[in-house]
Amino acid sequence: LELVVAILGVLKAGAAYLPIDPDYPPARIEFMLTDAQPTLLLTTTQTQTNLLDSTVATQLVIDDPDTLTLLTGYPDTDPTTTDRTTPLLPQHPAYVIYTSGSTGTPKAVLITHYNVVRLFGATQQLFNFNADDVWALFHSYAFDFSVWEMWGALLHGGRLIVVPYELSRSPQQFLQLLAQQSVTVLNQTPSAFYQLMQTEADNPTLGQSLVVRTVIFGGETLMPTRLNDWYQRHSDHAPSLVNMYGITETTVHVTHRMLNHHATVKTTSVIGTGLPDLRTYVLDGGLQVVPVGVVGELYVAGAGLARGYLHRPGLTAGRFVACPFDSSGGRMYRTGDLVRWRPDGNLEFVGRADDQVKVRGFRIEPGEIETILTEHPQVAQAVVIARQDQPDDTRLVAYVVPAADVTLRPESLREFARGRVPEYMVPSAVVVLDALPVTPNGKLDRAALPAPEFGSAGGGRAPRTPQEQILCELFAEVLGLPGVGVEDDFFALGGHSLLATRLIAHIRATVGVELGLRALFENPTPAGVAARLGVADPGGSFDVILPLRVQGHLSPLFCVHPAGGISWCYCGLIKHLDLDYPIYGVQARSLARPEPRPTSIKQMAADYADQIRRVQLVGPYCLLGWSFGGVVAHAVATELQQRGEHVGLLMILDAYPACEQPAGEDTPEPDRKDPLTTLLNIMDYDASTLDEPVTFTQAIEILRDQDSVLASLDEDRLTAIIQILANNYHLARKFTPDRFEGDLLLITAALDQPESEQTADAWRPYVTGEIETHAIDTQHTHMTQPGPLTQIGSILAAKLQKIRQLLIFHRER
């Protein structure tokens, strides 16, 4: 709120405002203040610490006690004409905003009061904004989209909702704010709206409570086909969607195009027609009008043109040129954007005439970043480009050639840049090359620049908890990487603010916990996020009941451990089940602490039933088990039934009731003299190639190479697992199941079936109901890897959906 009040105060005083983001690097802030030469620095005690070395002599700290006392002596009414030595005119400056500079020097665009007021006068007939509208100030006030948001509300007498920074980076919370505050006019970059669309799809009830009547896109290229799903959900009463193209130098917006479902099917990059008080020309290099369909450079003339660049008359003259189509001697602005006229009279955006790019709504001159990088004493050459190697993910990548006899560390260059430019201009990756590739003509061959390898650092420890493991998977999924280590930095791997919001949404949808964006900035590793969520203590990860996800109001899913006793392998299911279902692992005794191990599977099942009922007092119960755990899950189900409880779901992953060998596991009897060899053999590693006996260090290295969670365990814990494995082997050999009164859902490993004599019929004597069987293309030992778990999760989710009403009924009863 204080931001809007301060800007109103500046403008009423007859001055122009220069927005300074206090999170900018000190070097960037110092340059802007030195270049713009402001007469007054308006700040607070909180932000003043970022500006201690400011060159501005006069500073006003508005929340300082002395300032507050001084203000009591001033009137609370508007200044009058008699208060001023010079009357205020529409052509006086209203604000100055810096944009990136192609020569390496940012430039300040000077916009007048008239520029802003006429913007809304020209668009009034298009949108019919009025005093009943509620706008959201979503964007940073250092980004000129904020001008449209702020003055769109205030100049029409409407209501302005100032969106807190943290909340603006959480689509879930932002959607809630839109509904709670009855926002009617929403302004979004396409990237942000795509995320909001998905959040609305995941929260249909919340989406139905929205009263938004107009959504205006700007800041980056819109892909209309991405809106098809949204139109299908809003087929009855859809807000008006408008694609607007604009430039800071022409006061936020230049063109507009009203969208509809038909318009989204085949057209892309169409930016529409000019605003009523602007003129748009598509010209060739000689300033001649090009025919329809021919690509040319876009020039803009009319009332929206800025006064120019502050203190840069030469640059102003080069970009704000005389308009040959205006007999009165008016100017036109050379945008540098390549467009063409379509037969229907709309403009279509084609690209840039120079290297300028837009990344997440910010206009960036790669040359500025290149200049910064070449200031590093170890860099001989630098090229910066914007790459989109994944959909909806444009990243800046720097390619550098080091100085002679120098070894460059890419991360040190990113830190060097981070201290000089805003975060959105820091390259996501730095690629070190021996030489920049060139074409036969000696020009830079941009097509030959290699894609950066955003990969895990590969070092550090293995995950110590299942939550750390699932967070590693979520990090990798969002970043588009094959894997991420538990101590790998999200931003060092190419993450940025937009991807950060996606990661937060994934964490919320998977784990059911809301993480603030600032928390991710402060803890950008899977281990750090786990600690922030309060789930980083490895000690509790070995208790009999292992909470994988505690949120949800339906009957929990209890996943029984395989022969080794650990249930971490089931954490991959979290991503595939609705948040309404809590998920718990059931783990073996003596993992967390020394204690007697069970002497039979029946004793084990009774113990597990007791532990499960401490979490869920009454049924229906949902049970799942893989391999040895499938036999135990069946035993727990029969134990619960014998106690008079209802079992709603029994799901077994590739396990059979065998008394001659461990259920579902074609493994030899554990070697008591060399248990580590047995463990490695179970992990699909041929230990016969190693010297015997296998050492603990060898085993850990092999487990780490296989990305096994066991690699994070100490020798005592690993020894306990081997002992549990041996005990379970013998328990399985002498166990005969009881009869389960109900249906069984059996998932089999298809790649193991041709060599196996065991079939679903093996369960027939022990199940009274239907045995529903699904085969997936994997081996038994790979059942809980990400690929197979995706298939298993889909089958499980569909099954739970079918019985959901029954579960809700029993839950409410």
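Residues numbered from 1 in each chain as written. Predicted model: local features only at pLDDT ≥ 70, side-chain atom pairs only at ≥ 80, totals over all residues. Heavy atoms only, no water.

1. Description of the side chain of Thr784
When you line up the elements, Thr784 lands in the loop between strand 29 (771-776) and helix 23 (786-812). Discounting chain neighbours no more than four positions away, the residues touching Thr784 are Cys569, Trp626 and Leu789. (Helix = DSSP H or I, 4+ residues; strand = E, 2+ residues; numbered from the N terminus. Contact = heavy atoms within 4.5 Å.)

2. Considering the sheet that holds strand 24 (residues 557-560)
Here we have seven strands laid out as an open sheet, ordered 23-25-24-26-27-28-29, and mixed in their pairing. Bordering the open sheet on either side are strand 23 (545-549) and strand 29, each of which pairs with just one other strand. Between one strand axis and the next, the sheet turns through 20 degrees on average, direction left out of account. Pairing geometry for strand 23 and strand 25 (residues 583-586), over four bridges, is antiparallel. Bridging from a neighbouring strand, Leu546 pairs with Gly585 of strand 25. In the packing of helix 19 (residues 628-642) onto the sheet, contacts are made with strand 24, strand 26 (621-626) and strand 27 (647-653), and the angle to strand 26 comes to roughly 155 degrees. (Pairing = 2+ DSSP bridges. Axes fitted to C-alpha atoms, helices over the stretch in contact; angles between N-to-C directions.)

3. Some details on the state of the cysteines
Within this structure, the stated rule accounts for zero disulfides. For the unlinked cysteine Cys472, the closest cysteine sulfur is that of Cys571, found at 9.6 Å. (Disulfide = S-S within 2.5 Å.)

4. Looking at the pairing of strand 24
Side chains Leu557 and Cys559 project from strand 24 onto one buried face, and the interleaved Phe558 and Val560 project onto a second face that is buried too. In terms of strand pairing, strand 24 meets strand 25 through four bridges, oriented parallel. Pairing of Val560 across the sheet is with Val586, part of strand 25. Two strands pair when backbone bridges link them, and strand 24 and strand 26 are joined in this way by four bridges, in the parallel orientation. (Buried < 20%, exposed > 50% of the residue type's maximum accessible area, 1.4 Å probe, protein only.)

5. Notes on the packing of helix 1 (residues 2-12) against helix 5 (residues 145-154)
Two numbers describe how helix 1 lies on helix 5: the axes approach to 13 Å, and their chain directions differ by 75 degrees. If you check the angle between helix 1 and helix 5, you find them roughly perpendicular. For the pair helix 1 and helix 5, the contacting residues are Val4, Ile7, Leu8 and Leu11 in the first and Met150, Trp151 and Leu154 in the second. Residue composition of the contact of helix 1 with helix 5, by class: seven nonpolar, no polar and no charged. (Parallel < 35°, antiparallel > 145°, perpendicular 65-115°, else oblique. Nonpolar A, V, L, I, M, F, W, Y, C, P; charged D, E, K, R; others polar.)

6. Observations regarding unusual backbone geometry
Between Gly619 and Pro620 the backbone carries a cis peptide bond, its omega angle lying at 10 degrees. Residue position: Pro620 is located in the loop between helix 18 (601-615) and strand 26. Although it is not a glycine, Thr251 sits at a positive phi angle of roughly 65 degrees. Despite not being glycine, Ser590 has its phi angle at roughly 75 degrees, a positive value. Considering the arrangement of structural elements, one finds Ser590 in the loop between strand 25 and helix 18.

7. Side note on the pairing of strand 10 (residues 255-259)
Burial of strand 10 is extensive: four of the five residues sit out of reach of the surface. Sheet analysis places strand 9 (residues 240-245) next to strand 10, joined by five bridges and oriented antiparallel. Bridging across to strand 10, Leu241 finds its partner in Leu259. Where strand 10 meets strand 11 (residues 270-274), two bridges bridge the pair, whose relative direction is antiparallel. Paired with His256 across the strands is Thr273, a residue of strand 11.

8. Comments concerning helix 14 (residues 466-479)
Taking 1.5 Å per residue, 14 residues should reach 20 Å; helix 14 reaches 20 Å between its end C-alpha atoms and fits that length. Just downstream of helix 14 lies Gly480, where phi reads positive at about 70 degrees. (Expected span 1.5 Å × (residues − 1).)

9. As for the pattern of salt bridges
Per the stated rule, a full pass over the model turns up 18 salt bridges. The partner of Arg334 in a salt bridge is Glu297, and the shortest N-O contact between them spans 2.9 Å. Taken together, the residues Arg334 in strand 16 (residues 331-341) and Glu297 in strand 13 (residues 296-302) connect sequence positions 37 residues apart. The exposure class of Glu297 is buried, given its relative accessible area of 10%. Residues Asp607 and Arg589 are paired through a salt bridge, measuring 2.7 Å at the closest nitrogen-oxygen approach. In this pair, Asp607 sits in helix 18 while Arg589 sits in the loop between strand 25 and helix 18, placing the two residues 18 residues apart along the sequence. Taken together, the salt bridges that share partners define one network made up of Arg340, Arg342, Asp344 and Glu348. (Salt bridge = Lys/Arg side-chain N within 4 Å of Asp/Glu carboxyl O.)

10. Remarks on the sheet that holds strand 4 (residues 107-112)
Read from one edge to the other, the open sheet built from three strands follows the order 3-4-14, with strand pairing classed as antiparallel. The strands lining the two open edges of the sheet, one partner per strand, are strand 3 (93-99) and strand 14 (308-309). Note: strand 4 against strand 14, two bridges, orientation antiparallel. The partner of Val109 across the bridge, within strand 14, is Tyr309.

11. Comments concerning the packing of helix 7 (residues 171-180) against helix 8 (residues 190-202)
Interaxial distance between helix 7 and helix 8 falls to 9 Å at its minimum, and their mutual angle equals 75 degrees. The angle between helix 7 and helix 8 falls in the class roughly perpendicular. Listed contacts from helix 8 to Pro171, Gln172, Phe174, Leu175 and Leu178 of helix 7 are Gln195, Leu196, Thr199 and Glu200. Classifying every residue of the contact of helix 7 with helix 8 by side-chain character gives five nonpolar, three polar and one charged.

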